[in-house]
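Architecture and fold: a report
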Amino acid sequence: MALGVSPGDRVAIQAAKHVAMLELYGAAIISGAILLPLNTSYTKAEISYFLNDARPKIFVCDVESEASLADVAYDCGVKTVLVLTGSSENSLEWLRDAQTTGLAPVPRGAEDIAAILYTSGTTGRAKGAMLSHRALASNAAVLVALWRFSKDDRLIHALPIFHTHGLFVAINVVMMAGASMDFLAGFDAEAIIGLMLESSVLMGVPTFYTRLLKYPALPDAARGMRLFVSGSAPLLVETHRQWEMQTGHRILERYGMTETNMNTSNPYDQERRPGTVGFALPGIEVRMVDSGTGLEVPDGEVGGIEVRGANLFSGYWENPEKTAAGMCADGFFKTGDLARRDEEGYIHIVGRAKDLIISGGLNVYPVELELIIDAFPGVDESAVFGVTHPDFGESVVAAIVPHKGATIELAALHEHLAGQLARFKQPREIVIVDALPRNTMGKVQKNVLAASYGDFNKEHPHH
Ligand code: MLC
Ligand code: AMP
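Rules and cut-offs
- Residues numbered from 1 in each chain as written.
- Chains lettered and ligands numbered in written order.
- Predicted model: local features only at pLDDT ≥ 70, side-chain atom pairs only at ≥ 80, totals over all residues.
- Heavy atoms only, no water.
- Helix = DSSP H or I, 4+ residues; strand = E, 2+ residues; numbered from the N terminus.
- Buried < 20%, exposed > 50% of the residue type's maximum accessible area, 1.4 Å probe, protein only.
- Polar contact = N/O pair within 3.5 Å; in protein donor to acceptor, adjacent residues only side chain to side chain.
- Contact = heavy atoms within 4.5 Å.
- Pairing = 2+ DSSP bridges.
- Axes fitted to C-alpha atoms, helices over the stretch in contact; angles between N-to-C directions.
- Left-handed = near helix turned anticlockwise from the far one by under 90°.
- Nonpolar A, V, L, I, M, F, W, Y, C, P; charged D, E, K, R; others polar.
- Domains from an automatic or database assignment.
- Salt bridge = Lys/Arg side-chain N within 4 Å of Asp/Glu carboxyl O.

This part covers the side chain of T276. With respect to the helices and strands, T276 occurs in the loop between β12 (261–265) and β13 (279–280). Judged by its relative accessible area of 1%, T276 falls in the buried class. A polar atom in the side chain of T276 sits 2.9 Å from the backbone oxygen of R273. When sequence neighbours within four positions are dropped, the list of residues in contact with T276 reads E253, N266, Y346, I347 and H348.

Spelled out as structure tokens, the structure:
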């Protein structure tokens, strides 16, 4: 507030996970600002896109990246660049300690926006999902009750805090319950197992669980834990079963999305059914809809998942067309995921209607890569698709058709992509093909490509 932040101003941050980030989150809320956290692996090119689009007043980064990012931020119209920690006069910690007079919190209403999280799309560039106080607070309250959080809980927090899972599901639930958490810089299997003896809950993406299963110390350490939650990507039935065999605990799988917060969850007391995401959360409606007729499909049949409730976002930042395209007339949001409901009401996610790869819980939208690859010298066209990966669930592969007679410099292409895209989005494998498989409508058949090239990880397990 002392730096001139007014209600509705954006405060962006790209910094390594640190407790000071929670103070920034609190400060943004108290000053009526909108928090905009950015993935730490985004490149300068990606950061510059987000800052130009959201036009934050403040940009916060790490001391180490200040020299390279400050100019980018000022070029995008940022008024003040701060560093998160340290004793320099532009550090958030220094400013906090220098602030001697009290500033009154700015009152905010339920519909005011608390945060913007960018999420890529199947068409064009990333869009900022605007999340209101209503959406965040209502979802946290629902999860606290359903998952029985109390002040006695202690969460092992090992997720990144720039996406909804680590930032809102984990932190908001802990704060609303008055619980506590151990803040790890990132995923560290041995540290997590070490903390289990004094903790009660772990939240993670499926990769957390498959990795932890490899440690012989897991069963003893996990016994006294209260709850293991998984989400952000499908948890294999096999992982669920192995976890139960080794630890005696059934992982509780839930399903959510940046735009919707959490939508469904397996029950706390009743059966947690492997391979399902459970039931709609209290107060949230979930329906499966036929893509042709737009009508709800009967139980047992697959349809597109649509969601309605207080959990929904308030639209994409300055993008009413994309917002309208995602919403139904009756207020349901189209998730782009496909599911069916079984006889007992459990929802099974069976696939995605949207062209999306989820690698280690991080989303990669093929179109973003295809646009860059297609513009590379010698490339006629390309298709980016996901193949099964033992650690990340899925990994990214690109198939490229060169122009007649052209040779593609693969090393140069990899380097070009590295300059443009965060590491997790870069293809683990690029294959040169004569033509892309197409159906009779002319649409590229990515399932055919995935079937042809899905064996990469068996042949090259180090990828
Ligand atoms: C890291 N790398 C990845 C990757 N994470 N590559 C692909 N996919 C990923 N998810 C890269 C690294 O840069 C490195 O590159 C190499 O892979 C090996 O890294 P690592 O040491 O194995 O990675 P690690 O740091 O251990 O991270 C893996 C991870 C992490 C799975 C722990 O990615 C993670 O925390 N994922 C969770 C993401 C998340 O929070 N998703 C929720 C989104 S919200 P190099 O250069 O060495 O080859 C959402 C909604 C919902 O989806 O419902 O929750
Ligand atoms: P994001 O856009 O990063 O918020 O990712 C949301 C997407 O992650 C959803 O649309 C789903 O495709 C996927 N997802 C989240 N949780 C699950 C889950 N439990 N099972 C399968 N997919 C999931």
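Further notes follow.
The next subject is the sheet that holds strand β16 (residues 333–341). Reading across from one edge, β14-β15-β16-β17 is the order of the 4 strands in this open sheet, with antiparallel pairing throughout. Of all strands in the sheet, those with a lone pairing partner are β14 (285–289) and β17 (347–352), marking the two edges. With strand direction ignored, the average angle separating the axes of adjacent strands in the sheet is 45°. Two strands pair when backbone bridges link them, and β16 and β17 are joined in this way by 5 bridges, in the antiparallel orientation.

What follows deals with the packing of helix α2 (residues 44–54) against helix α3 (residues 63–75). Two elements in contact, α2 and α3, have axes whose closest approach is 9 Å; the angle formed by their N-to-C orientations is 30°. Considering only the axes of α2 and α3, their crossing is right-handed. Across the interface between the two elements, K44, I47, S48 and L51 from α2 touch S68, L69, V72 and A73 from α3. Its residues assigned to classes, the contact of α2 with α3 shows 5 nonpolar, 2 polar and 1 charged.

Domain boundaries assigned for the protein chain yield domain 1 (10–108), domain 2 (134–352) and domain 3 (356–452). For domain 2 versus domain 3, the distance between C-alpha centres works out to 29 Å. Contacts between the two partners involve 8 residues from domain 2 and, on the opposite side, 9 residues from domain 3. Taken together, the links from domain 2 to domain 3 amount to 2 salt bridges. Two residues, R211 and D391, come together in a salt bridge whose shortest N-O distance is 2.7 Å. Applying the counting rule to domain 2 against domain 3 returns 4 residue pairs in polar contact (both at pLDDT 80 or more). With 3 residues, the top contributor of residues to the side of domain 2 that touches domain 3 is helix α8 (residues 206–212).

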